[in-house]
Amino acid sequence: RTVYVNGDYLPEDEAKVSIFDRAFLMGDGVYEVTSVLGGKLIDFDGHRARLERSLDELDMPHPSVMDDLLDIHRELVRANEITDGLVYLQITRGAPGDRDFAFPDRDTPPTVVLFTQNKPGLADSPAAKQGLKIVSIEDLRWGRRDIKTTQLLYPSMGKMMAKKAGCDDAWMVQDGHVTEGTSNNAYIVKGNKIITRALSNDILHGITRAAVLRFAKEAQMQVEERNFTIDEAKEADEAFVTSASAFVMPVVEIDGASIGTGSPGALVPRLREIYLEESLKVAI
Ligand code: PMP
């Protein structure tokens, strides 16, 4: 694989970053994942805008490479012959040459890394037909989940808790209400109405979430942004998650209780189709 590190395109085993890198020592980095379908980037502008916001919220300088990100994404997709897959991007506060809690000088060069993941058939994964089984866990993350940082230990633990419970993923619960999945936004459906938690510091402002809610409204589905509980989810007609890598993915079981018939219903598969079709139209 050809990867990008601080201005260079290199074979992955030649790419190096410092042991003093702030993301390695402190989790002091932000990231984005953009999907590629048919060789084109889905929602690139949304991911770029959120990346800028993440940098601003953490008072990280914008690296000069910000203007070249689209070119770098495209070059990696080309060099690695990606038809369907993902582009991972990470920017850290750099490597000041020693370990210190205080942020380094603003002129410390950031570390910028991008790599691709090849995922043939990303849009027609069997999980989309089967649906996901979810286990609920307490949300023990920090209070700024709206910033897309590389501090992913608790979501990783959540994924392991899900595996241990024989499930595909976990939904996190805070004060009795679902926040989001380990790496996706969470939704329930009642009749023609889609219910999902409102945006705040408690959840990541999903790029897929924004697009899906827009397409849902255009398709005359109702959208209600409010808190919901696991008990309410168990009684829902349908449920689903969204993310850049999973698109719209049905949920068919929560804490052992079947949602609806226990198979993907009517609305969620339709929303998935709409999302893929509309996103591909404007992919770049
Ligand atoms: N919430 C969390 C915690 C996530 O990690 C992700 C995926 N990065 C999402 C939601 C979905 O965001 P997006 O649609 O932008 O991929």
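Sequence order sets the numbering: in each chain, residues are counted from 1 along the sequence as written. Whole-chain, interface and lining totals are the exception, using all residues; otherwise, since this is a predicted model, local features are given only for residues with pLDDT of at least 70 and side-chain atom pairs are given and counted only at 80 or more.

An unreviewed UniProt entry lists the protein under the name Probable branched-chain-amino-acid aminotransferase, from Roseovarius rhodophyticola. UniProt, in the comment section headed Function (unreviewed entry), describes the protein in these words: "Acts on leucine, isoleucine and valine." Per UniProt, the comment on the protein under Cofactor (unreviewed entry) is "pyridoxal 5'-phosphate". UniProt positions are given in the numbering used here, feature names are shortened, and annotations may be inferred rather than shown by experiment.

Peer 1: Describe the overall build of the protein, listing the residues and the values that go with them.
Peer 2: Comment: elements are numbered from the N terminus, with helices defined as DSSP H or I runs of at least four residues and strands as E runs of at least two. In terms of regular secondary structure, the protein is built from eight helices and 15 strands. Put simply, the radius of gyration uses C-alpha atoms, and a globule should come to 2.2 Å times the residue count raised to 0.38. Relative to its length of 284 residues, the protein is compact, with a C-alpha radius of gyration of 19 Å against a globular reference of 19 Å. Considering only C-alpha atoms, the protein reaches an extent of 55 × 40 × 35 Å along its principal axes. The exposure label follows from counting other C-beta atoms within 10 Å of a residue's C-beta, where the C-beta atoms are placed from the backbone and the thresholds are 20 or more for buried and 12 or fewer for exposed, leaving partly exposed in between. For the protein, the residues scored as buried account for 38% of the 284 residues in total. By the convention adopted here, residues make contact when the C-beta atoms placed from their backbones lie within 7 Å. Long-range contacts, defined here as pairs at least 24 residues apart, represent 72% of the contacts in the protein between residues at least 6 apart.

Peer 1: Before we move on, can you summarise unusual backbone geometry with the specific residues and values?
Peer 2: One non-glycine residue, N6, adopts positive backbone phi at about 45°. As for its position among the elements, N6 is in the loop between β1 (2-5) and β2 (8-11). On the basis of neighbour count, N6 is assigned to the partly exposed category, with 16 C-beta atoms found within 10 Å. Backbone geometry places D43, a non-glycine residue, at a positive phi of 60°. Position of D43 relative to the elements: it lies in the loop between β4 (40-41) and α2 (44-57). When the 20 C-beta atoms within 10 Å are taken as the criterion, D43 is described as buried.

Peer 1: Could you give me a rundown of the confidence of the model for the protein, with the residues and numbers involved?
Peer 2: pLDDT is a per-residue confidence score from the predictor, ranging from 0 to 100. Scored by pLDDT, the protein comes out at a mean of 98, with 100% of its residues at no less than 70. Reported confidences for the modelled complex are a pTM of 0.98 and an ipTM of 0.99.

Peer 1: Tell me about helix α5 (residues 153-164), and please be specific about residues and values.
Peer 2: How far a helix is expected to stretch is found by multiplying one less than its residue total by 1.5 Å. Counted at 1.5 Å a residue, the expected span for α5 with its 12 residues is 16 Å, and the 17 Å between its end C-alpha atoms agrees. Two residues or fewer after α5 comes G166, characterised by a positive phi angle close to 75°.

Peer 1: Tell me about the domain arrangement of the protein, and name the residues and values.
Peer 2: The domains assigned to the protein are domain 1 (2-119) and domain 2 (127-281). Note that the domain bounds were set by an automatic or database domain assignment. Put simply, the middle of domain 1 and the middle of domain 2, counted by C-alpha atoms, are 26 Å apart. Listed per partner, the contact involves 21 residues of domain 1 and 13 residues of domain 2. Secondary-structure elements contributing two or more residues to the side of domain 1 that touches domain 2 are β3 (29-37), α2 and β5 (85-92). Here the side of domain 1 that touches domain 2 takes eight residues from β3, the largest share from any one element. Residues are grouped as follows: Ala, Val, Leu, Ile, Met, Phe, Trp, Tyr, Cys and Pro are nonpolar; Asp, Glu, Lys and Arg are charged; all remaining types, including Gly, are polar. Residue composition of the side of domain 1 that touches domain 2, by class: eight nonpolar, nine polar and four charged.

Peer 1: Tell me about the nonpolar core, and please be specific about residues and values.
Peer 2: The nonpolar core is taken to be a set of buried Ala, Val, Leu, Ile, Met, Phe, Trp, Tyr and Cys residues joined by way of C-beta atoms within 7 Å. Ranked by internal contacts, the top residues of the largest apolar core, which has 40 residues, are A239 and V251. Of all the secondary structure elements, the ones that give two or more residues to this core are β7 (132-138), β8 (169-174), β10 (185-190), β11 (193-196), α6 (207-218), β13 (238-243), β14 (247-254) and α8 (267-281). The dominant element in this core, judged by the number of residues it contributes, is β14, at six residues. Membership of the second largest hydrophobic core comes to eight residues, among which are V3, V36, V87 and L89.

Peer 1: Please set out the environment of F115 residue by residue, giving values where relevant.
Peer 2: Locating F115 in the fold gives a position in strand β6 (residues 111-118). Considered as a pair, F115 and T2 are 113 residues apart in the sequence and their alpha carbons are 7.3 Å apart. With sequence-adjacent residues up to four places away left out, F115 is seen in contact with R1, V3, E12 and Y88.

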